[in-house]
Amino acid sequence: MVLLAALAVLAAGCAAGSGVAPWDAGRTDAGPDAGPADSDQASPRWACETIAEDVNVEFARFAYRGDRGYAAFLSPSYSELLVAQDDGDTWSTEFVAATDGFGYLGFPGLAVADDLVHTFFDDTPFGMDEDRVTCVWHASRAIEAGSWFAEQVACGMGRPEAILLEDDSLAIFLGGPGGMYQARQSGKLDDTWTLEIVSSQGHPCCLGGFDQDGVLHVAFSGMDRVMRAWTTGEAWQFESVAMSGLVLWVAPWSVAGSASGTPLIAFSGIEGELGAGGESTAYLARRDEKGWHSEVLAGGSASPVGTPAVVVGTDGAAHVAYWVPNGDTFGLWYATGDSNAPLSEWLVEPLDPACAGRPVGISLDGKGSVHMGVLQVDGGPRRLVHVWKE
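Cut-offs and rules
- Residues numbered from 1 in each chain as written.
- Predicted model: local features only at pLDDT ≥ 70, side-chain atom pairs only at ≥ 80, totals over all residues.
- Heavy atoms only, no water.
- Helix = DSSP H or I, 4+ residues; strand = E, 2+ residues; numbered from the N terminus.
- Buried < 20%, exposed > 50% of the residue type's maximum accessible area, 1.4 Å probe, protein only.
- Contact = heavy atoms within 4.5 Å.
- Areas by Shrake-Rupley, 256 points an atom, 1.4 Å probe, with all protein chains shown as cover.
- Pairing = 2+ DSSP bridges.
- Axes fitted to C-alpha atoms, helices over the stretch in contact; angles between N-to-C directions.
- Disulfide = S-S within 2.5 Å.
- Salt bridge = Lys/Arg side-chain N within 4 Å of Asp/Glu carboxyl O.

Another point: the overall build of the protein chain. Looking only at helices and strands, one finds one helix and 30 strands in the protein chain. Counting over 390 residues, the protein chain shows a buried share of 56%. Long-range contacts, defined here as pairs at least 24 residues apart, represent 48% of the contacts in the protein chain between residues at least 6 apart. Put simply, the protein chain shows about 16,100 Å² of open surface, and 50% of that area lies on carbon and sulfur atoms.

Before going further, it helps to spend a moment on the sheet that holds strand β14 (residues 194-199). Across the sheet, which stays open at both edges, the four strands sit in the order β11-β12-β13-β14 with antiparallel pairing between neighbours. Whereas interior strands pair on both sides, the edge strands pair on one side only; in this sheet they are β11 (159-166) and β14. Adjacent strand axes in the sheet meet at a mean angle of 25° when their direction is disregarded. Looking at chain direction, β11 and strand β12 (residues 169-176) are connected through seven bridges and run antiparallel. Note that in β12 the partner of Pro 160 across the bridge is Leu 174.

Our next topic: the state of the cysteines. For the structure on display, the rule yields two disulfides. Covalently, Cys 48 is tied to Cys 355 through a disulfide, its sulfur atoms 2.2 Å apart. Given an S-S torsion of about -75°, the disulfide between Cys 48 and Cys 355 has left-handed geometry. Taken as a pair, Cys 48 in strand β2 (residues 46-53) and Cys 355 in the loop between β27 (347-350) and β28 (358-364) lie far apart in primary sequence, 307 residues in all. Residue classification places Cys 48 among the buried positions, given a relative accessible area of 4%. Sulfur-sulfur distance for the disulfide between Cys 135 and Cys 155 comes to 2.0 Å. Looking down the S-S bond of the Cys 135 and Cys 155 bridge, the torsion is 110°, so its handedness is right-handed.

Moving on, we come to the sheet that holds β28. Remark on secondary structure: sheet strands pair via backbone hydrogen bonds, oriented parallel or antiparallel. Pairing in this open sheet of four strands is antiparallel, and the strands run β2-β30-β29-β28 from one edge to the other. The open sheet has two edge strands, β2 and β28, and neither has a second partner. Recorded for the sheet is a direction-independent mean angle of 20° between the axes of neighbouring strands. Sheet topology places strand β29 (residues 370-376) next to strand β30 (residues 383-389); six bridges connect them, and they run antiparallel. When the bridges of β30 are listed, Val 374 appears paired with Val 385.

The next subject is unusual backbone geometry. In this structure, Tyr 78 takes a positive phi of about 65° despite not being glycine. With respect to the helices and strands, the residue Tyr 78 is situated in the loop between β4 (68-74) and β5 (80-86). Here Phe 107, not a glycine, exhibits a phi torsion of approximately 50°, which is positive. Within the secondary structure, Phe 107 sits in strand β7 (residues 103-112).

Okay, the pairing of strand β18 (residues 237-243) next. Successive side chains on a regular strand alternate, one facing one side of the sheet and the next facing the other. In terms of strand pairing, strand β17 (residues 225-231) meets β18 through six bridges, oriented antiparallel. Considered in β18, the bridge of Met 227 is made with Ser 240. Hairpin connection from β17 to β18: five residues lie between these consecutive antiparallel strands, with Gly 233 at a positive phi of about 110°.

This brings us to the pattern of salt bridges. Enumeration over the complete set of coordinates arrives at eight salt bridges. The salt bridge partner of Arg 68 is Glu 144, with a shortest N-O separation of 3.8 Å. On the criterion of sequence distance, the pair formed by Arg 68 in strand β4 and Glu 144 in the loop between β9 (135-142) and β10 (149-155) is long-range, its members being 76 residues apart. Put simply, Arg 228, Glu 239 and Arg 287 are held in one network by salt bridges that share partners.

Treat this as a map of the structure, not an account of what it does.
Structure representation (structure tokens):
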């Protein structure tokens, strides 16, 4: 129908990755509307490089595994899905899937295991009710080499939003007007996908994975609230994380496990009409014995503030990337601190405008260094950029 059946590696040698732009990020002059309190701590240098140019500005994902980075993104015409891999000196780009000209692709995801790279996406024919005819696909290939293997997961269940790996088990969360579904598979090729409804309401946007006790955490938005769902493999349980008159969003890169076991959840919200007195704000929520508490990362903007990206290291330190309006462009900010400490105790720093953009993922490599995937859309080519701390 709308998806090409053959998924071969057509462009493994299409290298992107032009000059590295280092920057001394020792300054931490965050203003009161841009983030938490200033800090006088110094930090290592940041650097950035281009992963790919002329990319779709709506859909991209980024992940790091060990000492290698990966990115999944769509072409500007929504007709092709591509995956890029950091080969050390350059980023090579592979063609994964394409339409046959009678539909479009959307919502790519990305997860990297020890031996396989996984991506998902959906395809929708033109001119039809996309919530009923959209089909979700999963594709994977070996880390080192090989062709992509593709399989259909489900049709008519909504959009794919999040992907989870636990050992060899694979789960994709789907969301739409009919509710939230979990599609699970053993991770073996040609194995059957099983579908389970998680919630008949809401729209999933991200997932935090398993904590140290084996509990699966999922966060999703329901218009004026952010919800958390969790399960130990039996019935799903739910609780409200934040609720207000705002329209609230979470994103696939906005949930991370914390030192306490309960995930950190970042989200953004808009109150009123932007440009007519309305404001956009980004938040970070965490849970203690008294319940959930939300703190403002960046707020009071008449332009949209992006949903932050979050990761927590094995040492309990949290790392957050977020973007805020800066005139006609968007500045990229980085904050880090103990995942259980208030934001006023965190280090906050702006990044060089050459590296700035909208974060679509933040990861730690095998040495604990920070890596981000950033979409740049302000002037010049629309590019996907790798930003890291040297």
